[in-house]
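Secondary and tertiary structure notes
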Amino acid sequence: SDAVIIDTDPGLDDAIAILFALGCGRFDVLGLTSVAGNIGIEQTTANAGSLLRLMGSSVPVAIGAARPLRRESIDEAAIHGDDGLGGVVLKPSDAPPLPDAVAWMTEQLTSRPAHTVDVLALGPLTNLARLIETHPEAAARIGRVIAMGGAIDEKGNVGPNSEFNFASDPEALQVVLVARLDLTLIPLDVTRRVRADAAYLESLRGTAHGEVAAALLRAYFHDGRESRPLHDPCVMLFALAPDIFAIERMRLAVDLVDDPGAIRVTPDGWPAQVAMAVDTERALSLLRGGFI
Ligand code: BDR
Ligand code: CA
């Protein structure tokens, strides 16, 4: 199984992704690093700890960036609630978080063989960018970076073409692109095709973690929509089953000015892999399997 660091801003779909990663038994999760995104850093850190406790996991949470590299945060409380988990109350962690996500990542990456730790990035890329800027030799030891973010042919969910994670910290995406890591983006083009609906929600019932996952999804449906995209869980799916995605190699640049965080495909951009299509049925059936 893959050793992974989950970099996250929980966040309802982050929470589903984390429960899946811990519950499916197919990842060696080394720990979670928190980042401000869907909600502030104190809350994302606390939520990460609560999710680990729920799953009986003793791996650490390390506190990451409280704000983007060079901008103010975008507030998403309207979607994820003031607590980031849509009012679903979980027991707080009884382990204090580690103080410094970048230091902890560096330690993990340098104490293991090179290219054996993947980073699963579910929020703004601030922590990864800071790792690259301050400890480039540690960053170069990362295996794969699989990041949820961006929109290629799809419209954005923040600006006309910009998606929340990249719009939150476009300068961080730029740093990650320039570093030329083994980077795969999972954009809205794919995540909008992997949707939880009422039938999916029902299918999760019956196990303790399935119940919590169902409660989180119900909160995610709060505005009466019939289905919701499972953005962040798609990162876990790509890590496990890349063959259910259609991957394209592209050269990408990021807009820092007009529609910050929007991605442009351009011959003078930086190379990355981008998931452009997914087998929806196989994706949902894999996600179901993980909770049982
Ligand atoms: C991304 O933004 C966040 O609100 C979600 O958790 C996901 O990571 C989707 O644009
Ligand atoms: Ca997220």
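Nothing here was measured: the structure is a model prediction, and the numbers come from that model.

Remarks on the overall build of the protein chain
Regarding its fold elements, the protein chain presents 13 helices and 11 strands. Against the compact-globule benchmark of 19 Å for 292 residues, the protein chain has a radius of gyration of 17 Å, which places it among compact chains. Considered along the principal axes of its C-alpha atoms, the protein chain spans approximately 50 × 40 × 35 Å. When the 292 residues of the protein chain are sorted by exposure, 53% land in the buried category. For the protein chain, long-range pairs separated by at least 24 residues make up 82% of all intrachain contacts whose partners lie at least 6 apart in sequence.

With respect to the site of ligand 1
The full set close to ligand 1 counts 14 residues, and G11, D13, E163, F164 and H231 are the nearest of them. For the shell around ligand 1, the class distribution of residues is 3 nonpolar, 6 polar and 5 charged.

As for the pairing of strand β9 (residues 245-254)
Bridge analysis of β9 against strand β11 (residues 270-278) gives 8 bridges, and the strand direction is antiparallel. Bridging from a neighbouring strand, R251 pairs with P271 of β11. Pairing of β9 with strand β10 (residues 263-265) involves 3 bridges; the strand directions are antiparallel. Bridging from a neighbouring strand, V254 pairs with I263 of β10.

Describing the nonpolar core
The biggest cluster of nonpolar side chains holds 91 residues, and the ones touching the most others in it are V176 and V235. Considering each element in turn, this core owes the most residues, 9 residues, to helix α1 (residues 12-23). The contact partners of V176, leaving out residues within four places of it in the chain, are L125, L128, A129, I132, V145, L181 and L183.

As for helix α2 (residues 41-54)
Relative to the 20 Å expected for 14 residues at 1.5 Å per residue, α2 spans 20 Å between its end C-alpha atoms, a close match to the ideal helical length. With respect to burial, α2 is a largely interior element, 10 of its 14 residues being buried. Elements in contact with the buried residues of α2: β1 (2-8), α1, β2 (27-34) and β3 (61-62).

Details of the confidence of the model for the protein chain
Should the pLDDT be low somewhere, the predicted coordinates at that spot are not to be read in detail. Per-residue pLDDT for the protein chain has a mean of 94; in total, 98% of the residues score no lower than 70. If you check the scores for this complex, the pTM reads 0.97 and the ipTM reads 0.99.

Here we look at the sheet that holds strand β5 (residues 142-148)
The strand order across the open sheet built from 9 strands is β3-β2-β1-β4-β5-β6-β11-β9-β10, with neighbouring strands paired in mixed fashion. The strands lining the two open edges of the sheet, one partner per strand, are β3 and β10. In this structure, β1 lies alongside strand β4 (residues 117-121), joined through 5 bridges in parallel fashion. Within β4, the position partnered with A3 by the bridge is V117. Sheet strands touched by α2: β1, β2 and β3. Its angle to β2, the strand with the most contacts, is close to 155°.

Brief notes about the pairing of β5
In terms of burial, β5 is largely enclosed, as 7 of its 7 residues are buried. The pairing of β4 with β5 spans 4 bridges and is classified as parallel. Residue L120 lies in a different strand from β5, and its bridge partner there is I146. In this sheet, strand β6 (residues 182-186) lies alongside β5 in parallel orientation, the contact comprising 5 bridges. Bridge pairing in β6 places M148 opposite I186.

Rules and cut-offs
Counting starts from 1 at the beginning of each chain's written sequence and moves along it residue by residue. Each chain is given a letter, starting from A, and each ligand a number, starting from 1, according to the order in which they appear as written. Totals for whole chains, interfaces and linings use every residue, but because this is a predicted model, local features are given only for residues with pLDDT of at least 70 and side-chain atom pairs only at 80 or more, for both listing and counting. Under the DSSP-based scheme used, a helix requires at least four consecutive residues in state H or I and a strand at least two consecutive residues in state E, with every element numbered from the N terminus. C-alpha atoms define the radius of gyration, and 2.2 Å times the number of residues to the power 0.38 defines the globule rule. Comment: burial labels come from other C-beta atoms within 10 Å of the residue's own C-beta, placed from the backbone, where a count of 20 or more is buried, 12 or fewer is exposed, and between is partly exposed. Distance between backbone-placed C-beta atoms decides contact: two residues are in contact if it is within 7 Å. Nearness here has a simple definition: the residue's C-beta atom, placed using the backbone, must lie within 6 Å of the molecule or strand. Each residue gets one label: Ala, Val, Leu, Ile, Met, Phe, Trp, Tyr, Cys and Pro are nonpolar, Asp, Glu, Lys and Arg are charged, and the others, such as Gly, are polar. Strands qualify as paired when DSSP identifies two bridges or more between them. Working definition: the nonpolar core is a set of buried Ala, Val, Leu, Ile, Met, Phe, Trp, Tyr and Cys residues, joined through C-beta atoms within 7 Å. Given a helix with a known number of residues, its expected span is that number minus one, times 1.5 Å. Every residue is assigned a pLDDT by the predictor, reflecting its confidence on a scale from 0 to 100. Here an angle of 0 to 180 degrees is reported between the N-to-C directions of two axes, which are lines fitted to C-alpha atoms, with helices fitted over the stretch in contact.

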